[in-house]
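Observations on the three-dimensional arrangement
Residues per chain are reported as follows:
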Amino acid sequence: MKHATDDALDALTGLLERLRRLDGLTERKRGVFYRRSQAFVHFHEDPAGLFADVRLSGSWRRMLVSSNAGQRALLAAIGAELSSSASGANPRKSARPPRR
């Protein structure tokens, strides 16, 4: 599965515009978004459709974004991820008892 070409990204213009408006994401290259210093979401094209690879809870997840429903699901997952981090939650770290 190859990275999405400019022609493929043209089909995702609305989605890319919405991602650009999200606080905490930086588009370093067209269609490649970073969160802090880590790659967070980028796109692939395949005969089966257009896909996003997104880092959720520290792991990559591939989501089909060829349809409006798929794009809404991606935006919902990203919104949940960004809000969980904003609230200080870090699913990769276990809760520790307070130091005495």
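The structure displayed is predicted, hence computed values, not measured ones.

Turning our eyes to something else, we now look at the confidence of the model for the chain. It should be kept in mind that the predicted coordinates are not to be read in detail where pLDDT is low. Looking at the chain as a whole, its pLDDT mean stands at 89, while 85% of the residues score no less than 70. Of the regions scoring below 50 in pLDDT, residues 89–96 engages in four contacts with residues more than four places distant in sequence or in other chains.

Below, the discussion takes up the packing of aromatic side chains. A complete count under the given rule lists zero aromatic pairs for this structure. One Lys or Arg, Arg28, reaches over the ring of Tyr34 and ends 3.9 Å from the middle of that ring.

Now for the environment of Arg62. Along the chain, Arg62 turns up in strand β6 (residues 59–64). Each C-alpha atom, one on Arg62 and one on Phe51, is 6.5 Å from the other, the two residues being eleven residues apart in sequence. When sequence neighbours within four positions are dropped, the list of residues in contact with Arg62 reads Met1, His44, Phe51, Ala52 and Asp53. A polar atom in the side chain of Arg62 sits 2.7 Å from the side chain of Asp53.

Scanning all chains against the criterion turns up five salt bridges. A salt bridge links Arg30 to Asp10; the shortest N-O distance between them is 2.8 Å. Linking Arg30 in the loop between β2 (25–29) and β3 (32–35) with Asp10 in helix α1 (residues 6–10), this pair joins segments that are 20 residues apart in sequence. Among the residues examined, Arg30 registers a relative accessible area of 31% and is labelled partly exposed. Taking the shortest distance from any N to any O, the salt bridge between Asp53 and Arg62 comes out at 2.7 Å. In this structure Asp53 comes out as buried when scored by relative accessible area, which is 9%. Taking relative accessible area as the criterion, Arg62 reaches 43% and is therefore assigned partly exposed. What emerges from the salt-bridge pattern is a single network uniting Asp6, Asp10 and Arg30.

Procedures and definitions
- Residues numbered from 1 in each chain as written.
- Predicted model: local features only at pLDDT ≥ 70, side-chain atom pairs only at ≥ 80, totals over all residues.
- Heavy atoms only, no water.
- pLDDT = per-residue confidence, 0-100.
- Contact = heavy atoms within 4.5 Å.
- Phe/Tyr/Trp six-rings, centres within 6.5 Å; stacked < 30°, edge-to-face > 60°.
- Lys NZ or Arg CZ within 6 Å of the ring centre and 35° of its normal.
- Helix = DSSP H or I, 4+ residues; strand = E, 2+ residues; numbered from the N terminus.
- Polar contact = N/O pair within 3.5 Å; in protein donor to acceptor, adjacent residues only side chain to side chain.
- Salt bridge = Lys/Arg side-chain N within 4 Å of Asp/Glu carboxyl O.
- Buried < 20%, exposed > 50% of the residue type's maximum accessible area, 1.4 Å probe, protein only.

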